[in-house]
Amino acid sequence: MTGAITEKGEPLLEVKGLSAGYGGMPVLNDISLKVYPAEIVALVGSNGAGKTTLLRALSRVISSTGEIVMNHKNLAPMTPDQAFAVGLVQVPEGRQLFDRMTVQDNLLMGAFQRNEKAAVARDLEKMYALFPKLSERRRQLAGSMSGGEQQMCAMARGMMAAPVLLMIDEMSLGLAPVIVEQLMEVLTTIRNEGATVLLVEQDVNLALSGADRGYVMETGRIVHSGLAKELIDDPEVRRAYLGL
Ligand code: ATP
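Bear in mind that the values here come from a model prediction, so they are computed numbers and not experimental data. (Residues numbered from 1 in each chain as written. Predicted model: local features only at pLDDT ≥ 70, side-chain atom pairs only at ≥ 80, totals over all residues. Heavy atoms only, no water.)

J.: Describe the site of the ligand, naming the residues involved and giving the relevant values.
T.: Taken together, 14 residues lie around the ligand, and N47, G48, G50, T52 and T53 are the ones closest in. In this structure, an oxygen atom belonging to the ligand sits 2.3 Å away from a side-chain N or O atom of N47. Going through the elements one at a time, β2 (25-35) and α1 (51-58) are the ones with two or more residues in the shell around the ligand. With four residues, α1 is the single largest residue contributor to the shell around the ligand. Its residues placed into classes, the shell around the ligand shows four nonpolar, seven polar and three charged. (Near = heavy atom within 4 Å. Polar contact = N/O pair within 3.5 Å; in protein donor to acceptor, adjacent residues only side chain to side chain. Helix = DSSP H or I, 4+ residues; strand = E, 2+ residues; numbered from the N terminus. Nonpolar A, V, L, I, M, F, W, Y, C, P; charged D, E, K, R; others polar.)

Okay, here's the thing in structure tokens:
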């Protein structure tokens, strides 16, 4: 397995001093983080820590103060559509597939903003190679598949958008450990091919086991950050999140 080039060169995503909330109620406070090209970064923390709110701010669904720069582009003034168009792609919590459409049509929906037909067709075959289950079920309605297959479909749909940064919210939610392991292997494969992933998880152990670096959030702040393997060994992280 090729390791990611961690913390070298310029970050792909740099967030500085980000604060946000809902209707005047502050939730995120002075968040700073970096994601480098071709790494998997885990953003972990317990229920209500503000992880989803941070994803919403990054994808510009909610407004925020502070800086968000991705690939030399200032995302702060952008709408969600504009942020998507420059490559910030989110795989939402709960998958949110088009249930009454086939797997293949869901995947093609991910590529709706791309007009290079040959590249889209190539990427579709690449998704089927990454997820053979989806290949078998390409004509099946997405809503009729198991939770694990639906998560595969949601991740493949996100990748079909040719993301600069793929953000995945609660990938493991409701899935059997063996499936989650397979999904994590796929993330490692695409990372080794150059993809950059921000993985948001309540399952701290899972996320830190599969990531290169991690950030731990607590009540709207980043309280720990570092190499994932160091965070897993950090006594405070172990006590607070791993029940050890
Ligand atoms: P979870 O894993 O449970 O989603 P989280 O870390 O993603 O947790 P958030 O969903 O970001 O946490 O929630 C952070 C805080 O913001 C919580 O106190 C929550 O009640 C509040 N919050 C979330 N969404 C809204 C909303 N739409 N309106 C008002 N407050 C909200």
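J.: A description of the sheet that holds strand β1 (residues 13-22) should follow, citing residues and the corresponding values.
T.: Strand order in the open sheet made by the four strands is β2-β1-β4-β5, with antiparallel pairing throughout. Of all strands in the sheet, those bounded by a partner on one side alone are β2 and β5 (73-74). Bridge count between β1 and β2: seven bridges; the pairing is antiparallel. Bridge assignment links L18 to a residue of β2, and that residue is I31. (Pairing = 2+ DSSP bridges.)

J.: Describe in detail the side chain of H224, supporting the description with residues and values.
T.: Tracing the backbone through its elements, the reader meets H224 in strand β10 (residues 221-227). The residues touching H224, leaving out its near neighbours within four places in the chain, are G214, Y215, V216, L231, D234, E236 and V237. (Contact = heavy atoms within 4.5 Å.)

J.: Provide a residue-level description of the domain arrangement of the chain, including the pertinent values.
T.: The domain architecture assigned to the chain consists of domain 1 (1-87 + 165-244) and domain 2 (97-162). The largest contributions to the domain 1 side of the interface with domain 2 come from F84, L183 and V186, which together make up 38% of the buried area. Counting across the domain 1 and domain 2 interface gives one salt bridge. Its salt-bridge partner being K126, residue E193 comes within 3.7 Å of it at the nearest N-O pair. At the surface where domain 1 touches domain 2, the tally comes to zero residue pairs in polar contact (both at pLDDT 80 or more). Contributions of two or more residues to the side of domain 1 that touches domain 2 are made by α2 (80-85), β7 (165-169) and α7 (177-192). At seven residues, α7 tops the list of elements feeding residues into the side of domain 1 that touches domain 2. Across the side of domain 1 that touches domain 2, the residue classes break down as eleven nonpolar, two polar and two charged. (Domains from an automatic or database assignment. Buried area = accessible area lost by both parts, 1.4 Å probe. Salt bridge = Lys/Arg side-chain N within 4 Å of Asp/Glu carboxyl O.)

J.: Account for unusual backbone geometry, naming residues and giving values.
T.: Within the chain, N71 stands out as a residue other than glycine whose phi angle is a positive 55°. You will see that E170, though not glycine, has its phi angle at about 50°, which is positive. Of note, E170 is situated in the loop between β7 and α7.

J.: Any chance you could break down the pattern of salt bridges for me, citing the residues and the numbers?
T.: For the structure on display, the rule yields eight salt bridges. Here D123 makes a salt bridge to R114, at a shortest N to O gap of 2.9 Å. Assigned by exposure class, D123 and R114 land together as buried. Here D212 makes a salt bridge to R191, at a shortest N to O gap of 2.6 Å. On the criterion of sequence distance, the pair formed by D212 in the loop between α8 (204-210) and β9 (213-218) and R191 in helix α7 is long-range, its members being 21 residues apart. (Buried < 20%, exposed > 50% of the residue type's maximum accessible area, 1.4 Å probe, protein only.)

J.: Explain the nonpolar core residue by residue, including any values.
T.: In this structure, L107, F131, L134, M155, M159, I168 and L187 are the most contacted members of the largest nonpolar core, which totals 51 residues. Formed jointly, this core draws a minimum of three residues from each of two domains, domain 1 (1-87 + 165-244) and domain 2 (97-162). Among all residues touching F131, those that are not within four sequence positions of it are M152, M155, A156, M159, L183 and V186. Listed in part, the 29 residues of the second largest apolar core include V15, A20, A49 and M78. (Core = buried A, V, L, I, M, F, W, Y, C linked by side-chain atoms within 4.5 Å.)

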